[in-house]
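A structural walkthrough
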Amino acid sequence: MTTSTHILIITLICLILISLSLLTIIGKLDRWYSWSQADNDKPSEQRIKRWRKVFAIEILLALAIIVASNVSDVIDNIASYAFFALVVATAVIEHTWIRKV
């Protein structure tokens, strides 16, 4: 893959992630979050607002990891660990803060 193709693909991925984050912040993905929950565990309005914040931040952090791993070879070696830590942190936040009654 040539360098210009690589840059184009990374740029498109970044634009898609930014769009997804903006859609989350303005509330266009609320039904998606509600759909992903069990029928007996429908989220409240407060829980949806918390989810918006966490999901938007998660997307932006993933974007930062992608950009940093493409800029630096040092970070590229630890990017998979950073993504794993991001997923674990999001799961912990989901169970401790978002689902807090």
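We now turn to the structure provided with this report. (Residues numbered from 1 in each chain as written. Predicted model: local features only at pLDDT ≥ 70, side-chain atom pairs only at ≥ 80, totals over all residues. Heavy atoms only, no water.)

Concerning helix 4 (residues 73-98)
End to end, helix 4 covers 35 Å across 26 residues, agreeing with the expected 38 Å (1.5 Å per residue, within 8%). Bending of helix 4 peaks at approximately 50° at the position of Ala79. Three or more residues of helix 4 are buried, namely Ala79, Leu86, Thr90, Glu94 and Ile98. Looking at the buried residues of helix 4, the elements they touch are helix 2 (30-36) and helix 3 (45-71). (Helix = DSSP H or I, 4+ residues; strand = E, 2+ residues; numbered from the N terminus. Expected span 1.5 Å × (residues − 1). Bend = angle between axes of the 7 residues up to and from the residue. Buried < 20%, exposed > 50% of the residue type's maximum accessible area, 1.4 Å probe, protein only. Contact = heavy atoms within 4.5 Å.)

Things to note about the environment of Trp35
Here Trp35 shows up in helix 2. Residues Trp35 and Ile66, spaced 31 residues apart in sequence, show a C-alpha to C-alpha distance of 28 Å.

Let's talk about the nonpolar core
Grouped together as the largest cluster of nonpolar side chains are 13 residues, with contacts concentrated most on Leu17, Tyr33, Trp51, Phe55 and Ile98. Secondary structure elements with two or more residues in this core: helix 1 (3-25) and helix 3. With residues near it in sequence (within four places) discarded, Leu17 still touches Ile59, Leu63 and Ile66. (Core = buried A, V, L, I, M, F, W, Y, C linked by side-chain atoms within 4.5 Å.)

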